[in-house]
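If you want the building blocks of each chain, they are given just below.
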2 protein chains.
Amino acid sequence: MARVVVNVMPKAEILDPQGQAVQRALGRIGVDGVSDVRQGKRFVIDAQRELSAAELEELASKLLANTVIEDYEIIVEGQQ
Amino acid sequence: MARVVVNVMPKAEILDPQGQAVQRALGRIGVDGVSDVRQGKRFVIDAQRELSAAELEELASKLLANTVIEDYEIIVEGQQ
C-alpha cells in the first residue's frame, strides 16, 4: 500500500478568514504572541499501487487544490 | 519567528464523506487503484515567541480539533 499526503494551503496573498478567526480565538484561551494563522487542507491518500508523478500532479492540481487561490505540496510517504 | 504546524484528521473509525467524495471523483480523472482518501485540516501558526508544549496542546485540543471525532498532531518547525 502506497501512501501520499497532499497539503493544500491558501496562497500567501489570499485573505484567509478561517485562519484569522483562529488567530482571534487564541486570545480567548490565553495564548498570546501569535502573529499569523493559515488554515488549509490535508489529504491522506492510500493506493494499491504507486501513483506516478504525473497522476499525482493531475490529482492535486485538478481535484484537490484550486490553483488560482491555493498552493499544494505532494509528499510521497511510500509503502506502508 | 517560531512556526508550528498542526494536522487535524478525522479518526479512523469516523466516516469521512469529503474524503469519499474525492475518492469517487478520482475515477472521473482516470486515476485508479486508490483504496482510501481521508480529508483533514492543516494549520500553519507563526508566533513571535516559542509556544510551550502545554499551550500547543491547549490550542490544538480545544481550538483546532474536535477530539471526539478528530485526531491531531503537532509539529514544531522551529525558528524561521
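Residues numbered from 1 in each chain as written. Chains lettered and ligands numbered in written order. Predicted model: local features only at pLDDT ≥ 70, side-chain atom pairs only at ≥ 80, totals over all residues. Heavy atoms only, no water.

1. Some points on the side chain of Lys11(B)
Residues and elements named next belong to chain B. Cut-off, in case you're wondering: In this text, helices come from DSSP runs of H or I with a minimum length of four residues, and strands from runs of E with a minimum of two, each type numbered from the N-terminal end. Under this definition, polar contacts are N or O atom pairs within 3.5 Å; protein pairs additionally need one hydrogen-donor-capable and one acceptor-capable atom, and for neighbouring residues in sequence, both atoms have to be side-chain atoms. Contacts were defined at the residue level, with two residues in contact if any of their heavy atoms lie within 4.5 Å.
Considering the arrangement of structural elements, one finds Lys 11 in the loop between strand 1 (2–10) and helix 1 (17–28). In this structure the side chain of Lys 11 is engaged in a polar contact, spanning 2.9 Å, whose partner is the side chain of Asp 71. Excluding residues that lie within four positions of it along the chain, Lys 11 makes contacts with Arg 38, Thr 67, Val 68, Ile 69, Glu 70 and Asp 71.

2. Examining the relation of the copies chain B and chain A
Test applied: Least squares is the method used to superpose the copies, on C-alpha atoms of residues holding a pLDDT of at least 70 in both.
For the match of chain B to chain A, the screw axis carries a shift of 0.0 Å, the RMSD comes to 0.0 Å, and the turn is 180°. Such a combination of rotation and displacement between the chain copies is what one expects of a two-fold axis. Residue Lys41(B), judged by its C-alpha, is the member of chain B lying nearest the rotation axis, at 2.2 Å. A shared binding surface is used by both copies, with 100% of the interface residues of chain B retained as interface residues in chain A.

3. Overview of the interface of chain B and chain A
Interfaces are often sized by the accessible area lost when the parts come together. What counts here: Values labelled buried area give the accessible surface lost by two parts on being combined, using a 1.4 Å probe and summing over both. Between Lys or Arg on one side and Asp or Glu on the other, a salt bridge is scored when a side-chain nitrogen of the former is within 4 Å of a carboxyl oxygen of the latter. In this count, Pro and Cys sit with the nonpolar residues alongside Ala, Val, Leu, Ile, Met, Phe, Trp and Tyr, while Asp, Glu, Lys and Arg are called charged and the others, Gly among them, polar. Pairing between two strands is assigned when DSSP locates at least 2 bridges connecting them.
On the chain A side, the residues contacting the 34 residues of chain B number 34 residues. Interface of chain B and chain A: buried area, both sides summed, is about 2,900 Å²; carbon and sulfur atoms make up 60% of it. By the criterion of area lost to chain A, the three top residues of chain B are Ile29(B), Arg42(B) and Leu63(B), representing 20% of everything that side buries. At the boundary of chain B and chain A, one finds 4 salt bridges. Ionic pairing is found between Glu73(B) and Arg42(A), a salt bridge with its closest N-O pair at 3.6 Å. Where chain B packs against chain A, one counts 12 residue pairs in polar contact (both at pLDDT 80 or more). Considering each element in turn, the side of chain B that touches chain A owes the most residues, 14 residues, to strand 2 (residues 34–47) of chain B. Looking at the side of chain B that touches chain A residue by residue, the class counts come to 17 nonpolar, 7 polar and 10 charged. Bridge count for strand 2 (residues 34–47) of chain A against strand 2 of chain B is 13 bridges, and the pairing is antiparallel.

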